[in-house]
Amino acid sequence: IYIKRIIDIIGSSFILICLSPFFIILAILIKISSKGPILFKQTRVGIHRKEFDMYKFRSMVMSDIGEDSRKRQMVEFMTGDNGPNNDKIVSKGRVTRIGSFIRKFSIDELPQLWNVIRGDMSLVGPRPSLPYEAEHYSNWHFTRLEIKPGCTGLWQVSKRYSRSYNDSVILDIYYVQNISVWLDIQILLKTVPAVLFGGRI
């Protein structure tokens, strides 16, 4: 666990420093693309069910339109047997032009590296759930909250869009029960091509 934390801090700090010039350019593009803040803050459920604020680059216009429909689709996905038509459930009408690009390559997720440095998240771990998702968990789902959530994880690099929700939770639980530095390295190596080729994590 201590080695994992050291890797998290060093890895996240290195990436943030290297990409800082790119972040400045991206911040300007986001600001001129639509009204609203550069960063988007969202409450997520972390280790031991503790909530924290997770950060992303804003990729959508500031509006609640379509949010209720998206939540309803997500709950149906969680309680059903199949994936949501091999696509991520999102209010597509709210995505900005620059947002579409940064979402395709998971660039919007990069501010989560700050969450890693703060100790809310790890580079690798289970997906951080939204509070309303956790409210619909079955008892066995909570196993995935026994460790810190991650920026990437086993289910993110395992063609998640073609899997049911329970399949994705099983992958997260497998990771929880088999956590190791070597497994983290394998997942991180698989994450790189997924991001570069627009697979989105």
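Data block above holds the structure.
In this text the structure is predicted, and so the values were computed from the model without any measurement.

**Quick notes on the side chain of Gln156**
Its location among the elements puts Gln156 in the loop between strand S4 (150–152) and helix H6 (165–177). The class for Gln156 is buried, based on a relative accessible area of 7%. Of the polar contacts made by the side chain of Gln156, one reaches the backbone nitrogen of Gly153; its length is 3.1 Å.

**Regarding helix H1 (residues 2–33)**
Considering bend angle alone, the principal kink of H1 is centred on Ser20 and spans about 60°; proline Pro21 follows within four residues of it. Of the residues making up H1, those classed as buried are Lys4, Asp8, Gly11, Ser12, Leu16, Phe23, Leu26, Ala27 and Ile30.

**Thoughts on the pattern of salt bridges**
Scanning the model with the defined rule gives 5 salt bridges in all. Here Glu109 ties to Lys56 by a salt bridge, and the two come within 3.6 Å at their closest N and O atoms. A residue pair is termed long-range when its members are at least 10 positions apart, and Glu109 in the loop between helix H3 (97–104) and helix H4 (112–118) and Lys56 in strand S2 (residues 51–57) qualify at 53 residues. Judged on exposure class, the residue Glu109 and its partner Lys56 are both buried. Ionic pairing is found between Asp172 and Arg144, a salt bridge with its closest N-O pair at 2.5 Å. On the criterion of sequence distance, the pair formed by Asp172 in helix H6 and Arg144 in the loop between helix H5 (131–134) and S4 is long-range, its members being 28 residues apart. The class for Asp172 is buried, based on a relative accessible area of 1%. A relative accessible area of 3% places Arg144 in the buried class.

**So, the nonpolar core**
Grouped together as the largest cluster of nonpolar side chains are 26 residues, with contacts concentrated most on Leu26, Phe57, Ile102 and Ile187. Going through the elements one at a time, H1, S2, H3, H4, strand S3 (122–124), H6 and helix H7 (181–196) are the ones with two or more residues in this core. Tallying contributions element by element places H1 first for this core, with 4 residues. Among the nonpolar cores identified, the runner-up in size contains 14 residues, and Met78, Ala134, Phe142 and Ile173 belong to it.

**Describing the environment of Pro193**
By the secondary structure assignment, Pro193 is in helix H7. With 36 residues separating them along the chain, Pro193 and Val157 place their C-alpha atoms 9.6 Å apart.

**Regarding a nonpolar patch on the surface**
Taken together, the side chains of Ile3, Ile7, Val181, Trp182, Ile185 and Leu189 present a nonpolar region at the surface, about 590 Å² in accessible area. Contributions of two or more residues to the nonpolar patch are made by H1 and H7. Sorting elements by how many residues they give to the nonpolar patch places H7 first, with 4 residues. Tracing the chain through its elements places Val181 in helix H7. Take Val181: its relative accessible area is 33%, and that puts it in the partly exposed class.

Criteria and cut-off values
- Residues numbered from 1 in each chain as written.
- Predicted model: local features only at pLDDT ≥ 70, side-chain atom pairs only at ≥ 80, totals over all residues.
- Heavy atoms only, no water.
- Helix = DSSP H or I, 4+ residues; strand = E, 2+ residues; numbered from the N terminus.
- Buried < 20%, exposed > 50% of the residue type's maximum accessible area, 1.4 Å probe, protein only.
- Polar contact = N/O pair within 3.5 Å; in protein donor to acceptor, adjacent residues only side chain to side chain.
- Bend = angle between axes of the 7 residues up to and from the residue.
- Salt bridge = Lys/Arg side-chain N within 4 Å of Asp/Glu carboxyl O.
- Core = buried A, V, L, I, M, F, W, Y, C linked by side-chain atoms within 4.5 Å.
- Patch = residues over 30% accessible without salt bridge, like charges linked within 9 Å, V, L, I, M, F, W, Y side chains within 5 Å.
- Areas by Shrake-Rupley, 256 points an atom, 1.4 Å probe, with all protein chains shown as cover.

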